[in-house]
Amino acid sequence: PEDTVTSSFASFIRAARPEHLSPTVRQRSKRMILDSIGVGLVGSTTRVFDIALRYCRLYSSVAVSSVYGKPGVKLSPTLAAFTNGVATHSMDFDDTWHPATHPSGAILPALLAASQMLPPNTKPNGLDFLLAFNVGLEVQGRLMHFSTEAHDIPKRFHPPSVVGTLGSAAATAKLLSLSSAQCCHALGIAASLAGAPMANAATQAKPLHVGNATRLGLEAALLAGRGMEANPLILDDIPGCSGFSAFYSVYQPKPLSAPGERHEFLLEKQDIAFKRFPAHLGMHWVVDAALSVRNLFINYAGSFSPSLIRTIVLKIPVSKYINRPFPSSEHQARHSFQFNACAALLDGEVGLGSFSESSIHRPELRELLDKVVVEHPEDNVANFDKMYGEVALLLHSGDVLTGKCDTFYGHWRKPLSKESLLKKFRSNASHVLPEEKIEAIITLVDNLENLSDSSQL
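What you see is a predicted model; the values in this text were computed from it and never measured.

### Digging into the overall build of the protein
When its secondary structure is counted, the protein shows 17 helices and 6 strands. Considered along the principal axes of its C-alpha atoms, the protein spans approximately 70 × 55 × 40 Å. Counting across all 457 residues of the protein, residues that qualify as buried make up 58%. Carbon and sulfur atoms make up 50% of the accessible area of the protein, which amounts to about 17700 Å² in all. Averaging the positions of the 42 positive and the 42 negative side-chain charges in the protein gives two centres separated by 3 Å.

### Brief notes about the environment of leucine 267
Mapping leucine 267 onto the fold places it in helix α10 (residues 266–269). Residues leucine 267 and serine 22, 245 residues apart in the sequence, show an inter-C-alpha distance of 9.8 Å.

### Side note on a nonpolar patch on the surface
Taken together, the side chains of Tyr55, Leu58 and Tyr59 make up a nonpolar region of the molecular surface, amounting to roughly 350 Å² of accessible area. For leucine 58, the location among the structural elements is in the loop between α3 (47–56) and β1 (65–66).

### Comments concerning the pattern of salt bridges
Overall, the coordinates contain 15 salt bridges when judged by the stated rule. Here arginine 366 ties to aspartate 370 by a salt bridge, and the two come within 3.3 Å at their closest N and O atoms. Under the relative-accessibility criterion, arginine 366 is labelled partly exposed at 43%. Here the salt bridges do not stand alone but share partners, grouping Asp92, Lys206 and Lys275 into one network.

### Details of the pairing of strand β5 (residues 389–395)
With 6 of 7 residues buried, β5 is to be regarded as a mostly interior element. For strand β3 (residues 309–315) and β5, the ladder comprises 6 bridges, and the chain directions are antiparallel. When the sheet's bridge partners are listed, isoleucine 312 is paired in β5 with leucine 393. Pairing geometry for β5 and strand β6 (residues 400–405), over 6 bridges, is antiparallel.

### A few points about the nonpolar core
Formed by 94 residues in total, the largest nonpolar core has its most connected members in Phe9, Ile33, Ile37, Leu143, Leu166, Leu235 and Phe244. By residue number, the principal contributor to this core is helix α6 (residues 126–144), which donates 10 residues. Not counting residues up to four positions away in its chain, the partners in contact with isoleucine 33 are Leu108, Phe129, Leu130, Phe133, Val445 and Leu448. Val286, Ala333, Leu346 and Val350 belong to the second-largest nonpolar core, a separate cluster that totals 49 residues.

### Digging into the UniProt feature "domain: MmgE/PrpD C-terminal" (unreviewed entry) in the protein
The feature "domain: MmgE/PrpD C-terminal" (unreviewed entry), as given by UniProt, occupies residues 277–449 in the numbering adopted here. Taken end to end, residues 277–449 has its terminal C-alpha atoms 30 Å apart, with 40% of it in helix and 14% in strand.

### With respect to the packing of helix α2 (residues 23–43) against helix α5 (residues 103–117)
Interaxial distance between α2 and α5 falls to 10 Å at its minimum, and their mutual angle equals 85°. Between α2 and α5, the angle is such that the two are roughly perpendicular. When α2 is examined against α5, the residues Met32, Ile33, Ser36 and Ile37 are found in contact with a partner set consisting of Pro103, Ser104, Gly105 and Leu108. For the contact of α2 with α5, the residue count by class is 5 nonpolar, 3 polar and no charged.

### Structural notes on the domain arrangement of the protein
Looking at the assigned domains, one finds that the protein contains domain 1 (5–276 + 416–456) and domain 2 (281–405). For the domain 1 and domain 2 pair, buried surface summed over both sides reaches about 1800 Å², with 63% attributable to carbon and sulfur atoms. If you sort the residues of domain 1 by the area they bury against domain 2, Ile153, Ala202 and Arg276 come out on top, with a joint share of 37%. Here domain 1 and domain 2 share 1 salt bridge between them. Aspartate 288 is the salt-bridge partner of arginine 276, the closest N and O atoms lying 2.6 Å from each other. Our count for the contact surface shared by domain 1 and domain 2 stands at 6 residue pairs in polar contact (both at pLDDT 80 or more). Looking at side-chain class alone, the side of domain 1 that touches domain 2 contains 10 nonpolar, 7 polar and 5 charged residues.

### A word on the side chain of histidine 280
Along the chain, histidine 280 falls in the loop between α10 and α11 (283–301). Classification of histidine 280 by relative accessible area gives buried; the value is 4%. Looking at histidine 280, its side chain comes within polar contact range of the side chain of tyrosine 321, at 2.8 Å. Setting aside residues no more than four positions away along its own chain, histidine 280 makes contact with Asp92, Lys275, Tyr321, Ile322, Arg334, His335 and Phe384.

### Some remarks on the sheet that holds β6
With respect to topology, 4 strands assemble into an open sheet ordered β4-β3-β5-β6, the strand pairing being mixed. The open sheet is flanked by β4 (372–375) and β6, the only strands paired with a single partner. The average undirected angle you get between the axes of adjacent strands in this sheet is 20°. Across the face of the sheet, α11 comes into contact with β3, β5 and β6 while running at roughly 145° to β6. Along the sheet, helix α13 (residues 337–347) contacts β3, β4 and β5; its crossing angle with β3, the most-contacted strand, is approximately 130°.

### Re the packing of aromatic side chains
Summed over all chains, the structure comprises 12 aromatic pairs. Taken together, the ring pairs in this structure connect Phe9, Phe146, Phe157, Phe244, Phe247, Tyr248 and Tyr251 into an aromatic cluster. Directly above the ring of phenylalanine 82 sits arginine 215, whose terminal nitrogen or CZ lies 5.6 Å from the centroid. One residue, arginine 366, lies across the ring of phenylalanine 326, its end atom 4.1 Å from the ring centre.

Rules behind the numbers
- Residues numbered from 1 in each chain as written.
- Predicted model: local features only at pLDDT ≥ 70, side-chain atom pairs only at ≥ 80, totals over all residues.
- Heavy atoms only, no water.
- Helix = DSSP H or I, 4+ residues; strand = E, 2+ residues; numbered from the N terminus.
- Buried < 20%, exposed > 50% of the residue type's maximum accessible area, 1.4 Å probe, protein only.
- Areas by Shrake-Rupley, 256 points an atom, 1.4 Å probe, with all protein chains shown as cover.
- Lys, Arg positive; Asp, Glu negative; His and termini not counted.
- Charge placed at Lys NZ, Arg CZ, Asp CG, Glu CD.
- Patch = residues over 30% accessible without salt bridge, like charges linked within 9 Å, V, L, I, M, F, W, Y side chains within 5 Å.
- Salt bridge = Lys/Arg side-chain N within 4 Å of Asp/Glu carboxyl O.
- Pairing = 2+ DSSP bridges.
- Core = buried A, V, L, I, M, F, W, Y, C linked by side-chain atoms within 4.5 Å.
- Contact = heavy atoms within 4.5 Å.
- UniProt positions renumbered as here; feature names shortened; annotations may be inferred.
- Axes fitted to C-alpha atoms, helices over the stretch in contact; angles between N-to-C directions.
- Parallel < 35°, antiparallel > 145°, perpendicular 65-115°, else oblique.
- Nonpolar A, V, L, I, M, F, W, Y, C, P; charged D, E, K, R; others polar.
- Domains from an automatic or database assignment.
- Buried area = accessible area lost by both parts, 1.4 Å probe.
- Polar contact = N/O pair within 3.5 Å; in protein donor to acceptor, adjacent residues only side chain to side chain.
- Phe/Tyr/Trp six-rings, centres within 6.5 Å; stacked < 30°, edge-to-face > 60°.
- Lys NZ or Arg CZ within 6 Å of the ring centre and 35° of its normal.

Here it is as structure tokens:
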């Protein structure tokens, strides 16, 4: 059908050209690619990644695509995409957008795997790769704007498992140069493969959401390229028959305008949030607030002395799956306002080591957690563009010290500097790669437009 929402998305995927990417979009997306690779590399050191890799090696019959952090190990393209997607989200260290999703991890592993899959004479160049990546971002962003529900911290479906799967399908369809009709079917197939419940947040199953999104989007594009068809109205609002609207309680789809002078990529309008430490994005507000009040406390008392604190009051938005008073595992700790605030107060920082078993179960940390009281002010909404974090220390002396964060460093309103982003990448990549390879990746991504063969990534 012509002039439908779904056909407009398919036409956009097919018609997008490198010249449609502004310098700002190119630069921001390259920052995302570099950060995502670094996060995937350090994620390859985790237990959940090892479980996923051992599973995938049972089926690696056509082993052509590389795996993060494992030199010499290759898997089939779809399983490599899955494994690398799991690595990217294994620590909840990957980038975040608004409305809420993790955009890079859902598409980059699929593109990396597909680049290695293609025959030598059909390898996409770096500019083709960058364009496909941005097509995947744009599709994710536009889909999230179809519902006001998507603007808030999710309650039902984990967003990358929904929009990320279609973003991966769109990005891969672009890289494989599928026709408009095939792009349309790829989106429809991906919709039947999408969706994961929020109840698996703070468990080892959550990284599978991103792994499956990038893998299943790749599979959808491959199936469409081989002739499989799906509903050509999958993104449209059809009364009495849910398509993509099944994932949203309120759904108002709009056509996607053709790329060119009238179209502005969403990445042009809004940057991405990069995390400084591996935890749910909401934790970054309370950590910065806790560090602020910790400095006030040290100026007040001369040192950080927990015995002087009677109560710790956290003012946070209502969001059940990240309100965890006493987390018992690393994944629960990454999703606990209480844990992250107390870890920041106790240690003066939150980093990779904060989520180790020994750190989580420290008696002195438990003593702080026992003092926490949570409040939910009406003006503190569960929305990454509007929320804030506040930490107040009520002292036995009767004095009250307060720290508040409206925008943490790394948020899209306060983006990481180039120096900070490179520092994070080098730190993450150093867990599995030597210095010369780390610097080579930085150079490759920085000059991605000039790369003749994107599979070199």
